[in-house]
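Structural description and commentary
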Amino acid sequence: MNSEKAPALFPSILKMKCPNCRKGNMYTNKSIFPLGSMLHMPEKCPECGQIMELEPGFYYGTGYVSYGLTVALLATVFVAYWVLMGLSYLDNSIFIALSVAVGICLALQPWIMRISRVLYLYMFVRYGKGHKEK
Ligand SMILES: [Zn+2]
């Protein structure tokens, strides 16, 4: 068996590395810019040959992941605003807090879309047990 220690799971997800080897990049571009190609992925992992799109339309399911992440982020920002700035019905603070939360979610949407695909592929591919040739 492979005695090499696996790179840690969470840093690999955050760095958007291939789930099979945790070394190759899952995206062609390192950052979300240019936005037009932020979701471009290589067909296969440059390091280990892991197929990035397991079947046609594989990434349609990521809509649920990004929805979940967006809701969680909205709730987190809203609660953080509540704790830090305070909320009251007597003024517009609830609307301001909501606007701030929605604004942050919109601003992070490109990143959420990318990390959703990463999380989705990690659900199907275990370290060292990837899907290579069909
Ligand atoms: Zn790989």
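Residues numbered from 1 in each chain as written. Predicted model: local features only at pLDDT ≥ 70, side-chain atom pairs only at ≥ 80, totals over all residues.

Describing the overall build of the protein
Across its full length, the protein carries three helices and zero strands. Secondary structure elements in the protein, listed N-terminal to C-terminal, are α-α-α. Computed over its C-alpha atoms, the radius of gyration of the protein comes to 18 Å, more than 25% above the 14 Å expected for a compact globule of 134 residues. Along the three orthogonal principal directions, the C-alpha set of the protein runs to about 65 × 35 × 25 Å. For the protein, buried positions account for 16% of its 134 residues. Put simply, 60% of the contacts in the protein that link residues at least 6 apart link residues at least 24 apart. (Helix = DSSP H or I, 4+ residues; strand = E, 2+ residues; numbered from the N terminus. Rg over C-alpha atoms; globule rule 2.2 N^0.38 Å. Buried ≥ 20, exposed ≤ 12 C-beta atoms within 10 Å, placed from the backbone. Contact = placed C-beta atoms within 7 Å.)

Observations regarding the environment of Leu 35
Following the sequence through the fold, Leu 35 ends up in the loop between helix H1 (9–14) and helix H2 (62–85). Owing to 10 C-beta atoms within 10 Å, Leu 35 belongs among the exposed residues under this scheme. The sequence separation of Leu 35 and Gly 57 amounts to 22 residues, and the corresponding C-alpha distance is 21 Å.

As for H2
In this model, H2 (24 residues) spans 33 Å end to end at C-alpha, consistent with the 34 Å of a helix rising 1.5 Å per residue. Taken together, the buried positions of H2 are occupied by Thr 62, Leu 69 and Tyr 81. Looking at the buried residues of H2, the elements they touch are helix H3 (93–124). Once H2 finishes, Gly 86 follows within two positions and takes phi at roughly 80°, a positive value. (Expected span 1.5 Å × (residues − 1).)

Here we look at the packing of H2 against H3
At a minimum axis distance of 7 Å, the contact between H2 and H3 shows a crossing angle of 145°. In the crossing of H2 with H3, the sense of the turn from one axis to the other is right-handed. (Axes fitted to C-alpha atoms, helices over the stretch in contact; angles between N-to-C directions. Left-handed = near helix turned anticlockwise from the far one by under 90°.)

Remarks on H3
Along its length, H3 shows its largest kink, about 55°, at Gln 109, and proline Pro 110 lies within four residues downstream of that point. Turning to H3, its buried residues are Ala 97, Arg 114, Ser 116, Arg 117, Val 118, Tyr 120 and Leu 121. Those residues of H3 that are buried lie in contact with H1 and H2. (Bend = angle between axes of the 7 residues up to and from the residue.)

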